[in-house]
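# Report on the structure
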Amino acid sequence: MATASRVDAFGPLVGAGKPRPKLRLLTHVCLIAFGFAMLYPLLWMVASSFKPTEIVFRSPGLWPTQFTIGNFAAGWNALTSTFGRYFFNSAVIAAGSIVGNLLSCSLAAYAFARLEFRLKRLWFAIMLGTIMLPIHVQIVPQYIMFSKLDLINTYWPLILPKLLATDAFFVFLMVQFIRGLPRELDDAARIDGCGHWSVFWRIIIPLSKPALATTAIFTFIWTWNDFLSQLIFLTDPKKYTVPVALRSFVDATARTPWGPLFAMSITSLAPVFGFFLAGQRYLVRGIATTGLK
Amino acid sequence: MAVSQLTLQPADGTKVATVRRRDRLRRRENAAAYAFLTPWFVGLVFITIGPIGASLYLSFTDYPLLDAPEWIGLENYRRMASDLRFRHSLEVTFKYVGISVPLQLAFALLLAVVLDKGIRGLPLYRAVYYLPSLLGSSVAVAILWRQIFGTEGLVNQLLGAIGVDATTGWVSHPDYALWTLILLNVWTFGSPMIIFLAGLRQIPRELYEAAEVDGAGPLRRFWRVTLPLLTPIIFFNLVLQVIGAFQSFTQSFIVSNGSGGPADSTLFYSLYLYQQGFGRFDMGYAAALAWVLLMIVATITAIQFLAARKWVFYGDR
Amino acid sequence: MRAQHIGRRRRGRWLWAAAAAGLATPLAVAATPAAATQPEEVTLRFAWWGGEGRHAYTQEIIDLYEADNPHVSIEPEFIDWSDYWNRLATTVAGGDTPDVMQMDLRYIAEYANRGVLADLGPHLGAEIDDSSFDTPLLASGQIGGTQYALPTGVNALAVVADPMAFEQAGVEMPDDTSWTWDDFVEIGAQITEGTGGDVWGAQDKGYNESNLEIFLRQRGEVLFTEDGELGFAPESMAEWWQVTLDQLESEAIPPASQTVEVENAGIDQSLLATNTGAMGFWWSNQLGALADASGRDLELLRFPGGSEGMYLKASMLWSMSADTEHPEAAAEFISFLLSDERAGELMLVDRGVPLDVDIRESIADALDPANAKAAEFVEIVGAEAEPPPGVPPQGAGEVQQILWRLNEQVLFEQMSIEDAVAAFIDEATAAIGG
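What counts, and where the lines are drawn
Residues numbered from 1 in each chain as written. Chains lettered and ligands numbered in written order. Predicted model: local features only at pLDDT ≥ 70, side-chain atom pairs only at ≥ 80, totals over all residues. Heavy atoms only, no water. Helix = DSSP H or I, 4+ residues; strand = E, 2+ residues; numbered from the N terminus. Buried < 20%, exposed > 50% of the residue type's maximum accessible area, 1.4 Å probe, protein only. Contact = heavy atoms within 4.5 Å. Areas by Shrake-Rupley, 256 points an atom, 1.4 Å probe, with all protein chains shown as cover. Rg over C-alpha atoms; globule rule 2.2 N^0.38 Å. Lys, Arg positive; Asp, Glu negative; His and termini not counted. Charge placed at Lys NZ, Arg CZ, Asp CG, Glu CD. Buried area = accessible area lost by both parts, 1.4 Å probe. Salt bridge = Lys/Arg side-chain N within 4 Å of Asp/Glu carboxyl O. Polar contact = N/O pair within 3.5 Å; in protein donor to acceptor, adjacent residues only side chain to side chain. pLDDT = per-residue confidence, 0-100. Axes fitted to C-alpha atoms, helices over the stretch in contact; angles between N-to-C directions. Parallel < 35°, antiparallel > 145°, perpendicular 65-115°, else oblique. Nonpolar A, V, L, I, M, F, W, Y, C, P; charged D, E, K, R; others polar. Core = buried A, V, L, I, M, F, W, Y, C linked by side-chain atoms within 4.5 Å. Patch = residues over 30% accessible without salt bridge, like charges linked within 9 Å, V, L, I, M, F, W, Y side chains within 5 Å.

When helices and strands are tallied, chain A shows 15 helices and zero strands. Within chain A, buried positions represent 59% of all 293 residues. A fraction of 70% describes how many contacts in chain A between residues 6 or more apart in sequence connect residues 24 or more apart. Of the roughly 11,900 Å² of accessible surface on chain A, 69% is carried by carbon and sulfur atoms.

If you want it as structure tokens, here you go:
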């Protein structure tokens, strides 16, 4: 049972023999160059958001020959509601989704990881299978159902699935994680008379912080970037979220102001970037955990 | 199963008492499990399986969305057999998956191996390479991608700056448009890379040292030690990335402006499905297409699992 | 230990209560609006497509109406063209049809035949003041005599030309009352040559099926017949595409991939807008946007090959949901949109030259030069043109997309003209047959 060691598996690693200094320098140079090339499109977009629209496409360079911050104000106010509104909407949905996923996925994961019950393997296989399902087919029957419940143009169609553990990926992630926790703590608590809920709430959850953090961060990123379902379920422009708003910036029968568009694109990607920086550790651990079984 | 065995030691009836107690505990565990799983079950029925079942039904109907569904049996599937655009979208999608996934994984593995050598600043590099993966599925990046591969876009300007006379609109030429999307997918190799990194870390150092003692050079060590032990992870990444790539939608939608063009060269299967369902309002056909997609993905995944027996080395775990 | 047990039970109950409340709320909300309609408070859902400019002034129009009619509250829904139809289809399917919605000729049949659109006929002369409507135009919104929609205004497809570009190339502006398609190709080639490739003669015409329609009408044929079938000979369409190939060969139009890109980028990246093209086919109400983007004085020319093929098209129309709970209120709002002076002043000709003749007069002075030119052009075409084609059959929206795709294949020479024509006829027939 390689549990304790797995949690510590991210210590600094010394490879099989340190490479020679010259090789190491070359490696660094290559890595930096490659990394720069990879990030160049993003950097260019950032730079372009500070250039006036007219010159955006004139030069591939990163340094703005004409510098302006007007794009941000223009982009912010370009649509009928300010982008602040769209950010708020996206945030509400993200928050609701995070809470939903944390609760429901951990509940389901505890059952799969710690409990024995009839048909467990069947349900587990089904859960894994749902990861593969394409959303396009679910969305129209879902739409009709939500519309009959009069929930269209509310945030419920976007958040309710999260409250019902439909993101099987996170259930899987947490199952893997919980399986790695030593059972002795569970057993000790059970002997003390704790019911499953107590074990879950008082022991497993506190120990699962890394997996929960990973879930929260990924949920945030996925809902923040989600496009199709937000487009379909939200009809009132005041309820639009950031991706939908960005898309409506690019209307083929009118004009596309690229400077402000890029400015708002950057702004919309910033929270994702921020979460990433803050939670990098968890992201990495989380991805790795799912990969290693 | 963590049933605490409280064995009291009086006389005869004990065994029965223990068994009954065990049964009771088992039943309670059953009940607890199902209680914990209630939200998931509800979700399964109403959000996941229910709609899928509904769409299976719809695939046998003619459902123009604005009218009620009308049963037509296998007509939709028959139509698929002679639908040229359907076949074309399959070609495009298979090409996309078949090229971009191996390429992406190759880069992921390469970078993971390089970074695993005890490089200083690993977290920074890891972050830099992961970032595109994070942002790659967003509308903003898709819009950006369409722009930079345009005739006057960034890529051509950069090529011009190094002396190459580039005037092709990559995104607007049927021979190249798909490649820009392939490139976009390969660009997001950061996520599988991190998984590879974690996997590499799990390889016991002793094996490397033993190989070195035996006189194996770095390439040999990679081939004989690293790769075989990584096969489970390669397999995992392969399965996940293939499934994801088959369902690709947003990028092709934004880059081709919803058309799958130019001339259907970027008509991903998902996009074709979307066009049928929301363009022609032909939900019955779209449902049939979705089920075919499901079958294809399931079959390919199954094949991968079967093939895995040949090349995935699980070691002595 | 005992305390823990009790705590757990209490918590359990609380969870159930919360869940029950959570489930009950939406159901409760769903139940109440079905109550009897209070004559005072009316809420109308109003949907349209467009860009930011249109959204902004339409919102102002809404504010005006709400100020005048405090008991009416209007919920706007707006999005861009391509997403509009997806959204509308899903909302209608879900039973949520907007009370008032913007319509396009290509989609009216689709919705009208399914009983989604209300008959506005009874409201004409009642809630809708039609005394100053340009009556012949009403036919554009009728199917079998039932008025399913009212045109917001009309425009005409025209050749927009840039005199400065002609000058730059040293080519004379054509006489648009007598030029032929061959002339059109020739002039285009001359311009490209004369400017050394800096300015293209024209932008490709193949993305707009109205262009094809006019071409066919010049030959006495039609795109769609009254019975909802294709109404032209394959040779005619082959000729139409031959013009494209001639232009491609003589470099009157840019290479295929550039055309694709320009088309996808929208009007502000069009050849005219970027001063890299001398001619293009655009709707008359797009002249303003083109003039602004290009920074030049652009001209509207008649189609080559004879202006009798041209026609006044209802640029867009207003429809009402057949299931609306407030038909009178919706009709009144539509009337406001069509005939109120203040609304007219805000809308100007963005939705076409207005249906209401009085409004046309009242805004004539407020029009900037480009829009004034457009309005004038519309009057000219109105006088010269044949009556417009009827409402296209169901599936016309898809026909447009079929044409886009096949046009691209022709441009990239992936398909011969004969094959493309055959494919178009096959696919279009299937699209409108269903």
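Turning our attention to the overall build of chain B. Along its length, chain B carries 14 helices and two strands. Radius of gyration (C-alpha) of chain B: 26 Å, far over the 20 Å computed for a compact globule of 317 residues. Here the C-alpha coordinates of chain B stretch approximately 95 × 70 × 35 Å along the principal axes. For chain B, the proportion of its 317 residues judged to be buried stands at 57%. Here the analysis covers contacts within chain B between residues at least 6 apart in sequence; of these, 67% occur between residues at least 24 apart. Total accessible area on chain B stands at roughly 14,200 Å², and carbon and sulfur atoms take up 63% of it. Taken as two groups, the 26 positive and 20 negative side-chain charges of chain B have centres that lie 12 Å from each other.

So, on to the interface of chain C and chain B. Contacts between the two partners involve 22 residues from chain C, matched on the other side by 25 residues from chain B. Across the interface of chain C and chain B, roughly 2,100 Å² is buried in total on both sides, 56% from carbon and sulfur atoms. Taken together, chain C and chain B are joined by one salt bridge. With its nearest N and O atoms 3.8 Å apart, the salt bridge here joins Asp264 of chain B to Arg405 of chain C. Here chain C and chain B share three residue pairs in polar contact (both at pLDDT 80 or more) between them. Going through the elements one at a time, α3 (81-93), α4 (105-112), α9 (256-265), α15 (396-411) and α16 (417-433) of chain C are the ones with two or more residues in the side of chain C that touches chain B. A per-element tally of the side of chain C that touches chain B places α3 of chain C first, with seven residues.

By a widespread convention, an interface's size corresponds to the accessible area lost as its parts come together. If you look at the interface, chain B gives 91 residues, while chain A gives 94 residues. Surface buried jointly by chain B and chain A totals about 8,500 Å² across both partners, of which 77% is contributed by carbon and sulfur atoms. At the surface where chain B touches chain A, the tally comes to zero salt bridges.

Residue and element names in this part refer to chain B. Taken residue by residue, chain B gives an average pLDDT of 84. The fraction at 70 or more is 94%. When pLDDT is averaged over each element of chain B, helix α8 (residues 177-187) comes out on top at 95 and helix α1 (residues 14-36) at the bottom at 80. Here residues 1-9 scores under 50 on pLDDT; set against residues more than four positions off or in separate chains, the count is 11 contacts. Model confidence for the complex: the whole-complex pTM is 0.79, and ipTM, which rates the interface, is 0.78.

All names here are of chain A. Here helix α11 (residues 196-207) crosses helix α12 (residues 209-225) at 70 degrees, and the two axes come no closer than 5 Å. With respect to α12, the element α11 is oriented roughly perpendicular. Seen from α11, the contacting residues are Ile205, Pro206 and Leu207; seen from α12, they are Lys209, Pro210 and Leu212. Counted by class, the contact of α11 with α12 contains five nonpolar, no polar and one charged residues.

Attention shifts here to the nonpolar core. Phe83 and Phe112 of chain A, Trp40 and Tyr129 of chain B together with Met103, Ile108 and Tyr111 of chain C are the most contacted members of the largest nonpolar core, which has 218 residues in total. Among the elements that line this core, the one with the most residues is helix α5 (residues 83-114) of chain A, at 14 residues. The contacts of Trp40 of chain B, once residues within four sequence positions are left out, are Ala108, Phe112, Trp123, Met127, Leu164 and Ala165 of chain A. If you look at the next biggest cluster of nonpolar residues, it comprises 114 residues, including Phe46, Ile74, Phe78 and Phe166 of chain C.

Residue and element names in this part refer to chain B. Judged by side-chain charge, Arg20, Arg21, Arg24, Arg27 and Arg28 come together as a positively charged surface patch. The topology assignment puts Arg20 in helix α1. Arg20 sits in the exposed class, given a relative accessible area of 57%.

What follows is about a nonpolar patch on the surface. A surface patch of nonpolar side chains, amounting to about 290 Å² of accessible area, comprises Val99, Leu103 and Trp201 of chain A. Residue placement: Trp201 of chain A occurs in helix α11.

Bringing the pattern of salt bridges into the picture now. Per the stated rule, a full pass over the model turns up 22 salt bridges over all chains. Between Arg296 of chain C and Asp162 of chain C there is a salt bridge, and its shortest N-O distance comes to 2.7 Å. Highlighted residues: Arg296 of chain C in the loop between α10 (287-294) and β9 (299-301) and Asp162 of chain C in the loop between β6 (150-161) and α5 (163-169), separated in sequence by 134 residues. According to the relative accessible area criterion, Arg296 of chain C is buried, its value standing at 17%. One network of salt bridges, in which partners are shared, links Arg85 and Asp264 of chain B together with Arg405 and Glu427 of chain C.

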